[in-house]
Each structure stands twice: as structure tokens, then as C-alpha cells.
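Chain by chain, the residues run as shown.
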Number of protein chains: 2
Amino acid sequence: MKTAENKSRALGLRFTKTRRKVLEILWQSHSPLGAYDILDRLQEDSRRPAPMVVYRALDFLIEAGLAHRLSSRNAFIGCSAPEGDHEAQFLICNHCGSAAEVEARPIAKAVEETAASAGFHVHQRVVEITGVCPNCQS
Amino acid sequence: MKTAENKSRALGLRFTKTRRKVLEILWQSHSPLGAYDILDRLQEDSRRPAPMVVYRALDFLIEAGLAHRLSSRNAFIGCSAPEGDHEAQFLICNHCGSAAEVEARPIAKAVEETAASAGFHVHQRVVEITGVCPNCQS
DNA sequence: ATATGTTCTGTTATATCATAACATTTTAAT
DNA sequence: ATTAAAATGTTATGATATAACAGAACATAT
Ligand SMILES: [Zn+2]
Ligand SMILES: [Zn+2]
Ligand SMILES: [Zn+2]
Ligand SMILES: [Zn+2]
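Here is a short report on the structure shown in this document.

Rules of the game
Residues numbered from 1 in each chain as written. Chains lettered and ligands numbered in written order. Predicted model: local features only at pLDDT ≥ 70, side-chain atom pairs only at ≥ 80, totals over all residues. Heavy atoms only, no water. Axes fitted to C-alpha atoms, helices over the stretch in contact; angles between N-to-C directions. Helix = DSSP H or I, 4+ residues; strand = E, 2+ residues; numbered from the N terminus. Parallel < 35°, antiparallel > 145°, perpendicular 65-115°, else oblique. Left-handed = near helix turned anticlockwise from the far one by under 90°. Contact = heavy atoms within 4.5 Å. Nonpolar A, V, L, I, M, F, W, Y, C, P; charged D, E, K, R; others polar. Phe/Tyr/Trp six-rings, centres within 6.5 Å; stacked < 30°, edge-to-face > 60°. Buried < 20%, exposed > 50% of the residue type's maximum accessible area, 1.4 Å probe, protein only. Lys NZ or Arg CZ within 6 Å of the ring centre and 35° of its normal. Donors = N, O, S within 2.8 Å, 3.2 Å for Na, K, Ca; no water. Tetrahedral: all angles 85-135°; square planar, octahedral: opposite > 155°, others 65-115°.

## Brief notes about the packing of helix α3 (residues 35-43) of chain A against helix α4 (residues 51-63) of chain A
Residues and elements named next belong to chain A. Two numbers describe how α3 lies on α4: the axes approach to 9 Å, and their chain directions differ by 110°. When the axes of α3 and α4 are compared, the pair comes out roughly perpendicular. In the crossing of α3 with α4, the sense of the turn from one axis to the other is right-handed. Touching Ala35, Tyr36, Ile38, Leu39 and Leu42 of α3 are Pro51, Val54, Tyr55 and Leu58, all from α4. Grouping the amino acids of the contact of α3 with α4 by side-chain chemistry returns nine nonpolar, no polar and no charged.

## Considerations on the packing of aromatic side chains
Here the distance between the centres and the angle between the planes together describe a pair of aromatic rings. Residues and elements named next belong to chain A. Tallying each qualifying case throughout the model produces two aromatic pairs over all chains. Taking 6.4 Å as the distance between ring centres and 70° as the angle between the ring planes, the aromatic pair formed by tyrosine 36 and tyrosine 55 counts as edge-to-face. With tyrosine 36 in helix α3 and tyrosine 55 in helix α4, this residue pair connects regions lying 19 residues apart in the sequence. Residue tyrosine 36 is classed as partly exposed on the basis of its relative accessible area, which comes to 44%. Lying across the ring of phenylalanine 60, arginine 19 places its NZ or CZ 4.1 Å from the centre.

## Section: the coordination of the zinc ion (ligand 1)
Residue and element names in this part refer to chain A. Distances from the zinc ion (ligand 1) to its protein donors, His68 (NE2), Cys79 (SG), His86 (NE2) and Glu101 (OE), fall at 1.9 to 2.2 Å. For the zinc ion (ligand 1), the four donor atoms in the first shell make angles of 97 to 127° at the metal, so the coordination geometry reads as tetrahedral. For the zinc ion (ligand 1), the single-chain donor residues occur in sequence as H-x10-C-x6-H-x14-E. Residue histidine 68 is located in strand β1 (residues 67-70), and its partner glutamate 101 is located in strand β4 (residues 99-102); the two are separated by 33 residues in the primary sequence. Like histidine 68, the residue glutamate 101 is buried in the burial classification.

Set out below in C-alpha cells:
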């Protein structure tokens, strides 16, 4: 949470109450949450905010590298290693819904090299692997 | 298109008019299309079908390996190498909207190894790289 | 302290993407 | 002809995401 404040300040932005609360909700969840799930949990504190409120907070958190979007699920997850920059990939379990954030250098490297050899200038990388996690294989 | 008929038959399914038309639309487009874009183009032939029609056709085409979904765009694209099985990745240009399907063995390999070392049993892989394509860099 | 520009919030409305459910038709095999 | 599976048609609804604009909170510069 200290990291969050620092990263916000580094961007010249503020780590406000809503943003903090959304990040807490993401970090407390064991699996990715949809924007409207987050809304539901915000509601417990106050009157249910409009969707914009959550989407704006999420935009900020993602921008600051404090959360990630899982495109294949239309869901969001708190970053598990927010210190410093990183290029994360996700292992998403179809059975229990959990999503493990990994930082696999070989994947990142292969992606860079593939893009480079195609003359493609990379902005963002989406690497989401779905399947069954170790816990759910018994 | 011959490939499409064969793959359909191999699944014990039919390559019907709507499915064929949707695949034609995808293959004719130079960039990924949203489901409702496809609907718009179907309309030119007949009365505008309900969204279900397109989603059902897309489900079929994806199942048969004739088209792919781009999760990060909520869009769909015709497969550029539908013969045989393959594990594709995408280079999606933020400038012109084009999406190049590549089959990069090193990425596929790194993904397999990462999953294996995490004890994760893979079902699907989503690898979508966004940025600027060679054509748009001048 | 106050004027100023920027960031952030509140709110209403709307756009976009996707599926549920059920009745009907087509097809292929017996 | 009968039957079961596959495919379609249709209506309605659910789920996800953004536009647009007014106002409040905050920083900082005079
Ligand atoms: Zn992260
Ligand atoms: Zn699991
Ligand atoms: Zn393909
Ligand atoms: Zn381009």
C-alpha cells in the first residue's frame, strides 16, 4: 500500500479514497473480479456508485501498474508484485477461478524476439493461459 | 474454403450458408471485426439477423479452428492457416487496426514450459501483442 | 488569501458486447 | 415413415463499458 502511494506520486497523481478502496478489494480477492463485482463490494461501505467510478479507478490502477486487466475474462486483478516495472503473464484456472501472476522471462523474451523479427513495435502484451491449476487437478 | 468444408465434416458438423458467409466476411476483412460489424455486413444480403446468429456462427468457426477470437479487442478474425492444428499468436496494430496471425514456436514453447513448471494443465493460450506494425512506422 | 489550472468526483444517460430460453426447421440415419 | 441430432429463428435480457458535463478538491503561483 505504501508502494501504491509512491507510484501514484511518481506519476504526479493522487492515491485517493476510491482508488485505495478498489485496490484493497482487488488484493483481498482470491480471484479476478469483474467491474460490477467491485461495485457490489464498494456498495457495502456507501451507496452504490456508478460504474464510471470503478472503471476510472481501474484505469488509474492499471496505469500505475498496481492492477492488471484480464482481457480473456473481462476481469481485473491486483498486481502481486507492484514494486518496479514488470511484464506479467497469467495462469487462469477454469475450475476454481484463480489467476496466478507469473513473470516468465522466457515468454517475455520470445515475445520480444517474435515482434522484433516482424518489425513490430510493441506497446502491450497480453499473455493469458487458461486451464487447470495444480490445486484443482486432484 | 475447401478446408472449411473438410474440417466441418471431420467434426460431424455442417458448413452451412450462414457459417460460410460469416467466414467469407472475416476473410475479406483486412482487420478483426466485432460481432456487430459482421451483422452489419450480413444485412447487405438479407434482413439483419439477430446477434445470436452471428455468435453461433462464430462459436462454430472457432471450434473448427477456422477463426479466432481476439480477447483484447472483443473482435474476431479469420484464421490465416486453417489447415491442421496450430497455436497462434497475434500482432495487433493500434494505428491501422490490422492483426497479423503468427505461429511463433519459441513463444509456444516458453508458454508450455512455464505452465509445466507451475504444474498447470493448459487448455487455451491467449497471446496478443499490441503496438505499431511495420507499415505504420513511417 | 485568492486566482488559476489541473485532477478528481458525481451523475445521468447511452453504447457495446454477449447469452438465455424456447419454438421450429432441416438433415441424416434407421 | 420414424427418430434423434443439428441448426435456425426470434424475443428478450444480461453483462460490460464509455460519453458528456457539472461541480468539488487540490496544488502552486502570484
Ligand atoms: Zn503485476
Ligand atoms: Zn484451480
Ligand atoms: Zn489460425
Ligand atoms: Zn499498422
